[in-house]
Amino acid sequence: CGHSSWTYEGIHMMGTLWRLGHQDPGFGLRVKNVVLSGFDKEKEYYDNCPSTEPIGLSADTHYGAHFDYKTSFENVTVDDGRGIILDGCRASSYGYPDIVINDIDGSLDPDMSASSGALVSDQTYMTGLFGDNCKSTAGCMSYCAGVCLGMFTLFTERFGTENYKLKVTDTASGLSIDIPGNVRTYNERWNTYAYDGGAERTFAASLPAGNYTAEFVDEFGNSVWPTYAEEQWAQAADCSGGVSIGDVTFIKPALDAATECADMIRNGDSANRTEVTPWLHTKWYGEIVNELKPGEGIGGGNAIAMDRTYHWTGIAQNLNSMCTDAREGEWYEFSAWMKMTDANGNPSTNIDPNREWWRNQAPIMTITDRQYRDVSTKQHLYNAEHRNLAALARPYNNDEWGHIHGIFKMPTSPRLWFELERAPDNVKFLLDNASLTPLTCNRDGLVRNGNLETNDSLYWDIWGGGDVVLDFLPGVGPNGGNALKSSSRVHHSWTQSQVLNTDCVNAGDRIAFSAKIKTSVDCLIYSWDSNQRCNDIFFHTDKDNVREYHRVGYITADTPDEGGWHHVHGIHIHSENGEKPDLAKLYFADANPNWDVYTADVKAYVLEQNCQALVENPDMEEKDLYWTYTDRDRSKVKVITPGAGGSGHALRLYDRDHSWRGLRQVLDPRCFVPGEEFTINAKFRLTDALLAGVACAGTDCPSVVLYGRTCPNGDVREKFWNALDMPWDSEGWNNYEATFAVSDEIAACGSVELWIHEVNPSWNIEIDDVQIYANA
């Protein structure tokens, strides 16, 4: 041997697949028609060698402290007077305690009596299911006759699994084996590295075909489950009859999701933190990466510091896979507080939360889930990254704690972890108060932090791309409240926005949207001109890659409130495709991209079904809320006072260019059941351009129209004239009443609107106290 540490070996083989990707052949080693001899005598000639062996294992490929190099021998003769084929004792010290070599024709059987079998590590967890079929051989190995062994491996988090065993039971014989976990240990950096190998413990089972159960148990025999268990299978054995997918049933303990999944981040609160476990990292270089920083947390608690080099590295943690399975598709809220510093511990001055995430100027939260490339084989998994699920709230001050926050729908996979990453290179992290908790859908408040009561931009972000600047502005909103401003916009739709949890909203429910809005340049309310028009509220859903965009709120009244704040509002009927979407988002679009957009007092809530009274805000006490024009650029609406009762408000529709122009409101189409009878009541007044009262007669007077859309045979329009036989009072308010039975045609429509129009276009229509009552 050229060096005293070298061994003299006939075959120097790997013990671990490289797992470079789904194109890795994964065959391991097949040896056929080979004779190995003389290695029992080579020590005589090379006395400086530590050992001479027919077959040896490389010490450089045991990243998982586990043998998974699928190997078979056929017509192989090992002539060794010591009886050694492979030194399993030394291989175990290298990190291979569970060697399996399938012997296709029995040529490795020391007794030369078996027609086939397997050479395995001489451990009870390798031989315990095979009874008298196994016999110990030299070199800490055992030969098991008549078996063909397939292999599966469970990769788990190393933390908390130190005393776990994988209990595998043959359901036919009732025999069980307890398989220990194996882990590779180097330094702290490797042991907490989030990617393959470092932070994982492996439990591997090599079994013949049959039916089995597999269950993790702790040192007391209790059924447990690790944070995750990533199931990977070797390729089918070269012999006939190895275990395969479907042969093994995995047993998991019961889970109380309401309690155990209430906060999915472990060791997130600094008040009780005494160590950094189970926090991981994605930094390849260095020694110690995550460190405990006593007294440096919020309120004097213990924080966790991470030494970073590159922007793609960050601090991470695995999530409980039983929880992600149980809560898949449900909404969760992520929150963490971080300080960013330079190498000297000074506040970083290069953090900019308004740059897009891929510019790597501010930390974001990314979730990585491991997915099978082919779930039928479970041989290879790849990483799928979901980025920018949480980001820095505004305002951000570089010498203070920054709040990273976001909401998202929980995915699931065999293994899933989150990571805080994407701050600039060489920015160091100080982490505290991290949590991941369920976010309940609230039908009465779909928008969170709508009036910015948290004094920051919590729950808010930006719709669209570009480096749009989002600012929190204290005290500049209506009545001295808070507001948000979006600036540096380069597209008309790029404004402040919010992801909504709408899972409690059913198809057919009506959602009311409302906000106060203004722009840095006065917009034109009744215009579609892309350079001058005002913002509307938009509602976007994405479900199974089917995307919908709805314009759900308009500025109706012609005069803004004090401070130039307009009221934008509307009613939207939730679509079937929008029910429980993968993503739902509210945003404000259409203003000139050169203008800044300000918003405040944003609301979205479900209007509960009320078929006894169909009209919302019937007496206009909430001014124009829920009402809007029939045509944006063909008429105008004014809130007037007093209303019909001598107080309150009413609405005036004026500057109409056609009799068709009027007012409308979206009703609840579920209330329109064939044959049901309703009565419409309203009060009307007509005035001319100088606001002098005018009189009408017969069909010149106002009527009420039900307008059905998305109907099976096209739009349906049903007009109802005033049934009250009374002379028109040109100076006062006039009562209107009509009774109708719901027709089959209008009942079949997906949307029903109330319209008031078809009056002489030179007249103004003044409206108050409009309601549709059920007669039963």
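It should be noted that the structure appears before, not after, this text.
Starting from 1, residues in each chain are numbered consecutively following that chain's sequence as written. Thresholds applied to this predicted model are a pLDDT of at least 70 for local features of residues and 80 or more for the giving and counting of side-chain atom pairs; totals over whole chains, interfaces and linings are not thresholded and use all residues. Where side-chain values are given, they derive from all heavy atoms of the structure, hydrogens and water being excluded.

J.: So what's going on with the state of the cysteines? Which residues, and what values?
T.: As used in these notes, a disulfide is a covalent bond between sulfur atoms, one from each of two cysteines. The term disulfide is used for any two cysteine sulfur atoms that are within 2.5 Å. Tallying each qualifying case throughout the model produces nine disulfides. Between the sulfur atoms of Cys-441 and its disulfide partner Cys-504 the distance amounts to 1.9 Å. Taking the torsion about the sulfur-sulfur bond, which here is approximately -60 degrees, the covalent link between Cys-441 and Cys-504 counts as left-handed. Taken together, the positions of Cys-441 in the loop between strand 27 (428-438) and strand 28 (460-462) and Cys-504 in the loop between strand 31 (496-499) and strand 32 (510-519) put the pair 63 residues apart, joining distant regions of the chain. Only runs of H or I of at least four residues qualify as helices and only runs of E of at least two qualify as strands under DSSP, and these elements are numbered from the N terminus.

J.: Any chance you could break down the sheet that holds strand 26 (residues 415-421) for me, citing the residues and the numbers?
T.: Here, a strand pair is defined by DSSP locating no fewer than two bridges between the strands. In space, the ten strands of this open sheet follow the order 18-21-26-23-24-25-22-27-20-19, with antiparallel pairing throughout. The sheet is open, and its two borders are formed by strand 18 (280-281) and strand 19 (290-293), each paired with just one other strand. Alignment of strand 18 against strand 21 (residues 315-318), held across two bridges, turns out to be antiparallel. By the bridge assignment for strand 21, His-281 is matched with Ile-315.

J.: Describe the side chain of Arg-489, and please don't skip the residues or the numbers.
T.: Relative to the elements of secondary structure, Arg-489 occurs in the loop between strand 30 (483-487) and strand 31. In this structure, Arg-489 is buried with no salt-bridge partner, the nearest side chain bearing the opposite charge being Asp-596 at 6.7 Å. Any N or O atom pair separated by 3.5 Å or less is treated as a polar contact, with the protein-specific requirement of one donor-capable and one acceptor-capable atom, and with residues adjacent in sequence counted only for side-chain atom pairs. Here His-491 takes part through its backbone oxygen, which lies 3.5 Å from a polar atom of the side chain of Arg-489. Only 2.8 Å separates the side chain of Arg-489 from the backbone oxygen of Asn-592, close enough to count as a polar contact. Note on contacts: a residue pair qualifies if any of its non-hydrogen atoms lie within 4.5 Å across the two residues. Discounting residues that sit within four places of it in the chain, Arg-489 has contacts with Val-468, Trp-494, Thr-495, Ala-591, Asn-592, Pro-593, Trp-595 and Val-597. A simple rule labels every residue: compare its accessible area, found with a 1.4 Å probe on the protein chains alone, to the largest value its type can have, and call it buried under 20%, exposed over 50%, or partly exposed in between. Only four residue types enter the tally: Lys and Arg on the positive side, Asp and Glu on the negative side, with His and both chain ends excluded. Take a side-chain nitrogen of Lys or Arg and a carboxyl oxygen of Asp or Glu: if they are within 4 Å of each other, that pair is a salt bridge.

J.: Any details on the sheet that holds strand 47 (residues 764-774)? Residues and values, ideally.
T.: An order of 39-40-47-42-45 is seen for the five strands of this open sheet, with the pairing classed as antiparallel. Unpaired on one side and paired on the other, strand 39 (636-640) and strand 45 (734-741) mark the two borders of the sheet. Sheet twist, expressed as the average angle between the axes of neighbouring strands with direction ignored, equals 30 degrees. Here strand 40 (residues 650-654) pairs with strand 47 via three bridges, running antiparallel. Bridge assignment links Arg-652 to a residue of strand 47, and that residue is Glu-766. Each axis is a line fitted through C-alpha atoms, taken for helices only over the stretch in contact, and angles between the N-to-C directions span 0 to 180 degrees.

J.: Pulling in residues and values, what's your account of unusual backbone geometry?
T.: Cis geometry is adopted by the peptide bond preceding Pro-278, which originates at Thr-277 and carries an omega value of 5 degrees. Position of Pro-278 relative to the elements: it lies in the loop between helix 5 (257-260) and strand 18. The step from Arg-394 to Pro-395 runs through a cis peptide bond, and the omega angle for that step is 5 degrees. Assignment of secondary structure puts Pro-395 in the loop between strand 24 (381-392) and strand 25 (402-409).

J.: How would you sum up the pattern of salt bridges? Please name residues and give values.
T.: Going through the model one piece at a time under the given rule, you end up with 49 salt bridges. Here Arg-443 ties to Asp-509 by a salt bridge, and the two come within 2.9 Å at their closest N and O atoms. Placement of Arg-443 in the loop between strand 27 and strand 28 and of Asp-509 in the loop between strand 31 and strand 32 is noted, with a sequence separation of 66 residues between them. Each member of the pair, Arg-443 as well as Asp-509, carries the same accessibility label: buried. Via salt bridges that share partners, Arg-443, Asp-509, Glu-608, Asp-668 and Arg-670 belong to a single interconnected network.

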